[in-house]
Amino acid sequence: MIENKLFQELQSLREQVNFHNYRYHVLDSPVISDAEFDRLVARLRQIETEHPEWTSSDSPTMRAGGGVAEKFSKVQHPAPILSLANTFSLDDLRAWYERIVKIDERVADSEFVVEPKIDGLTVVLHYRNGLLVQGATRGDGEVGEDITANLRTVCSIPLRIPVDPTNPKAPEYLVVRGEVFIQNREFEILNQRLLENGDKTYLNPRNTAAGSLRQLDPTITASRPLMILAYNIVASNGEVPQTQWEVLRFLRRMGFPVSDQVERCVDIETVLSSLERWTDIRDRLPYETDGVVIKLNDLRLSNELGFVGKDPRGAIAFKFPAREVSTVLLDIGINVGRTGVLTPTAVLEPIELGGVVVKQATLHNFDYIAEKDIRIKDRVLIKRAGEVIPYVIGPVSDARTGKELVFTPPEACPVCGQTVEHTTGEVAWYCVNSTCPAQLVRNVEHFVSRGSMDIVGMGIRIVEQLIEAGLVRDVGDLFMLRREQLLLLEGFAEKKADNLLASIVESKKQPLARLITALGIRGVGEVLAADLAAAYGDLDTLSRTTEEELQQIEGVGPNISRAIVDWFGREKNKQLLTKLKAAGVWPTAKRKTILKEEQPLVGLTLVVTGTLPTYSRDQVKELIQKAGGKVTDSISKKTDYVVVGENAGSKLDKARELGVKILDEAGLLALIGKV
DNA sequence: GATCCTCGAGTTCG
DNA sequence: CTCGAGGATC
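Residues numbered from 1 in each chain as written. Chains lettered and ligands numbered in written order. Predicted model: local features only at pLDDT ≥ 70, side-chain atom pairs only at ≥ 80, totals over all residues. Heavy atoms only, no water.

**Topic: the packing of helix H16 (residues 512-519) against helix H17 (residues 526-536)**
Each pair of packed helices can be described by the angle between their axes along with the distance between the axes. At a closest axis distance of 8 Å, the pairing of H16 and H17 adopts a crossing angle of 130 degrees. By the angle between their directions, the pair H16 and H17 is classed as oblique. Like other packed secondary-structure pairs, H16 and H17 cross with a definite hand, here right-handed. Contacts from Leu512, Ala513, Ile516 and Thr517 in H16 reach Glu526, Ala529, Ala530, Leu532 and Ala533 in H17. Counted by class, the contact of H16 with H17 contains seven nonpolar, one polar and one charged residues. (Axes fitted to C-alpha atoms, helices over the stretch in contact; angles between N-to-C directions. Helix = DSSP H or I, 4+ residues; strand = E, 2+ residues; numbered from the N terminus. Parallel < 35°, antiparallel > 145°, perpendicular 65-115°, else oblique. Left-handed = near helix turned anticlockwise from the far one by under 90°. Contact = heavy atoms within 4.5 Å. Nonpolar A, V, L, I, M, F, W, Y, C, P; charged D, E, K, R; others polar.)

**Quick word on the pairing of strand S8 (residues 226-236)**
The buried fraction of S8 amounts to eight of the eleven residues, a majority that puts the element mostly inside the structure. Alignment of strand S7 (residues 173-182) against S8, held across nine bridges, turns out to be antiparallel. Directly across from Val176, in S8, lies its bridge partner Ile233. (Buried < 20%, exposed > 50% of the residue type's maximum accessible area, 1.4 Å probe, protein only. Pairing = 2+ DSSP bridges.)

**Some remarks on unusual backbone geometry**
Residues Ile161 and Pro162 are joined by a peptide bond in cis, for which omega reads -10 degrees. Checked against the element boundaries, Pro162 lands in the loop between helix H4 (148-152) and S7. In the Ramachandran plot, Asn129 falls in the positive-phi region, its phi being about 50 degrees despite a non-glycine side chain. Mapped onto the fold, Asn129 is located in the loop between strand S4 (121-128) and strand S5 (131-137). Classification of Asn129 by relative accessible area gives exposed; the value is 57%. A positive phi is found at Asp373, a non-glycine position, where the angle reads about 55 degrees. Structurally, the position occupied by Asp373 is in the loop between helix H11 (366-371) and strand S17 (375-376).

**As for the confidence of the model for chain A**
Per-residue confidence for chain A gives a mean pLDDT of 87; residues scoring 70 or more make up 97%. Here residues 593-597 scores under 50 on pLDDT; set against residues more than four positions off or in separate chains, the count is three contacts. (pLDDT = per-residue confidence, 0-100.)

**Structural notes on the protein's contact with DNA strand B**
Near DNA strand B lie 29 residues; those nearest to it are Asn335, Arg338, Lys359, Gly525 and Ser636. Per the 4 Å cut-off to the protein, sugar and phosphate atoms form 90% of the nearby atoms of DNA strand B. Looking at the surface near DNA strand B, the elements with two or more residues in it are strand S15 (342-353), strand S16 (356-362), strand S19 (389-395), H17 and strand S24 (630-632). The element that contributes the greatest number of residues to the surface near DNA strand B is S16, accounting for six residues. (Near = heavy atom within 4 Å.)

**Quick notes on the sheet that holds strand S2 (residues 86-87)**
Note: strands within a sheet are paired through backbone hydrogen bonds, in either parallel or antiparallel orientation. Spatially, five strands are ordered S2-S13-S10-S3-S9 in an open sheet, and the strand pairing comes out mixed. Edge positions in the open sheet fall to S2 and strand S9 (263-265), since each of these has one partner strand only. Relative to S9, strand S3 (residues 112-118) runs antiparallel, the two being bridged by three bridges. Note that in S9 the partner of Val114 across the bridge is Glu263. Running at roughly 175 degrees to strand S13 (residues 315-319), helix H3 (residues 90-103) makes contact with S2, S3, strand S10 (289-296) and S13 of the sheet. Where helix H9 (residues 268-284) meets the sheet, its contacts fall on S3, S9, S10 and S13, and the angle it forms with S3 comes to roughly 25 degrees.

**Things to note about the side chain of Ser452**
Structurally, Ser452 is set in the loop between helix H12 (437-448) and helix H13 (460-468). On the basis of relative accessible area, Ser452 is assigned to the buried category, the value being 1%. A polar contact is formed between the side chain of Ser452 and the backbone oxygen of His446, at a distance of 2.9 Å. (Polar contact = N/O pair within 3.5 Å; in protein donor to acceptor, adjacent residues only side chain to side chain.)

**Here's the deal with the environment of Val631**
Residue position: Val631 is located in strand S24. Residues Val631 and Val380, 251 residues apart in the sequence, show an inter-C-alpha distance of 36 Å.

**A short note on the state of the cysteines**
For the structure shown, the criterion picks out zero disulfides. Residue Cys413 stays outside any disulfide, its sulfur separated by 3.7 Å from that of Cys416, the closest cysteine. (Disulfide = S-S within 2.5 Å.)

**With respect to helix H15 (residues 494-507)**
Here H15 contains 14 residues, and its C-alpha end-to-end distance of 20 Å stays within 8% of the 20 Å for a straight helix at 1.5 Å per residue. The set of residues buried in H15 consists of Ala497, Leu500, Leu501, Ser503, Ile504 and Ser507. With its buried residues spanning 165 degrees around the axis, H15 presents them on a single face. Facing away from the buried surface of H15 by more than 90 degrees, the exposed residues are Glu494 and Lys495. On its buried face, H15 sits against H13 and helix H14 (483-487). (Expected span 1.5 Å × (residues − 1). Arc of directions from axis to C-beta.)

**A few points about the packing of aromatic side chains**
Following the criterion strictly, the structure yields nine aromatic pairs and no others. Seen in terms of ring centroids, Trp567 and Phe568 are 5.1 Å apart; in terms of plane orientation they differ by 75 degrees. Their pairing is edge-to-face. Considered together, Trp567 and Phe568 belong to a single accessibility category, that of buried residues. Here a set of aromatic residues connected by ring pairs shows up, and it is made of Trp96, Tyr97 and Phe112. A cation sits over an aromatic face here: Arg522 above Tyr430, 4.2 Å from the ring centre. (Phe/Tyr/Trp six-rings, centres within 6.5 Å; stacked < 30°, edge-to-face > 60°. Lys NZ or Arg CZ within 6 Å of the ring centre and 35° of its normal.)

Here it is, written out as structure tokens:
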């Protein structure tokens, strides 16, 4: 009698735990606290330990069990797991529609269902009498691999359906198709963890989901934040809905997670306008999508339409432009920066990505290459950071042929041939030859660049030309250039020479902060240069400073102060300063104290992101600085405001995440009191 | 001593 | 945008 009561409690506990698990993982709206949930599970475990004879495969305590497998066995699917034809344009989509209308005119009156195409892995789940009995990968569509033990660990996959027993019973036999994936955020967190443990990281969420499902030890899979969305019934022996829309509702009732981004469209025009919204929706989704799937809602009609090759006619995938693409790493080139740092760049088999043809990408540094085990001739995955600058995510290891070459960092500077140096503990390798021509070019380039002296019309080509001709040996020489010298250079006519000379003269008016930035002292950029200018007022005073004095300035420690004092101590640089002074390039700055009442933003740190309606990025920065505010690049807890414009990317998300106040341009102007 | 934050440096293509 | 490094902070 007591036993009986205990058994009832056990069953009730299982039901409760399954239900709350479902509330949490599927509906994302838990109704009890984590602590309460843990208590239920603990009690359940206790009873199960006392009565091992009562264990059952649908018990929530049995998700990760069963030990380590040797390999996965093959599974024949009950029906082919179909792939879909792809289209890449709205025109193609319309063409598809017109084709199938021609085949069967009832299509013209049919509804469509539009669903996201998640970039994950297709899995096939078998239920008998409501119990999950098998789970498999898609494989080649006919035969997959048995990964039941791993799929059982995915909390949003129901072990027993329907999860809510008040719903109608499940068919005795039901096979469901779904997509297993990992959310972007969870991917980042997991990779971070792997990196900290010194383990190999994954390339992207899809790759991670694949790797997680292929673990032979289900406890590892259990530790991965896998999710599933179900969208199809592969086979069944009971009554199942005959429209896609109803199938999704049915799956939801059974307790499967179903995408909430699904749309039912009355005709093809509605589908097309839905697709227009999808470019925005795609960016906001917490997981990666590579397109949307458009299905005829009437599944019987869809079936009757038949196949083209292996693809059913009644559905089609509309693919988004790829954000990542793979190509061959032809070679690794070396750049020498103005500080002498050697940076490896990837020379790529040209490939289109986001509307441009990418031929090169940064590899950051030599450690990065080693860490990711990137080899020459590897197939590598490329992504455009912030949709702009391409970088190599890592090698596609599966595509290895054995002909790949491990890359060895050079021992000599590729430009001047001098041996390169490396400080232990640091990542960068330096060419320390102060007369290395590459460094001179980069140095001059930096000097004339927009954030520095801003000499308009002087690009890298002209800089190289001037150095080659022997007219420029250091940046001071720029101010000694004469018209007749320029006219001797190839491609220089009078107009061009005059324009260049005029902008050189114009640059002499640049404020001291700009000049300090332009000098290119290691560790001194825009921000610190502004502080130094305000603290010292002119270059003579600055050149006489000491390390101790410099360290009074915020952000200056032993390393940077040493670099500054070093720089001014070098004979070459002393000569340069003499040249600049002689040429009249000698701006001074007022050592002013900040007037608080006119400076509404004093003490505030702001970050600007996206494109603002009226001001340029630099203008806004200046505006904020004039109001006493500080502009930085990265958002943290210390950021007071984020000024957001059009096309703001990840920074906006970060701001929301950290609860940083968000302003638009008008909001900023109001804050400054400029409206 | 560890962790957080900020800055600097290098980056692609049209 | 990414990464590394230096500095600040706890």
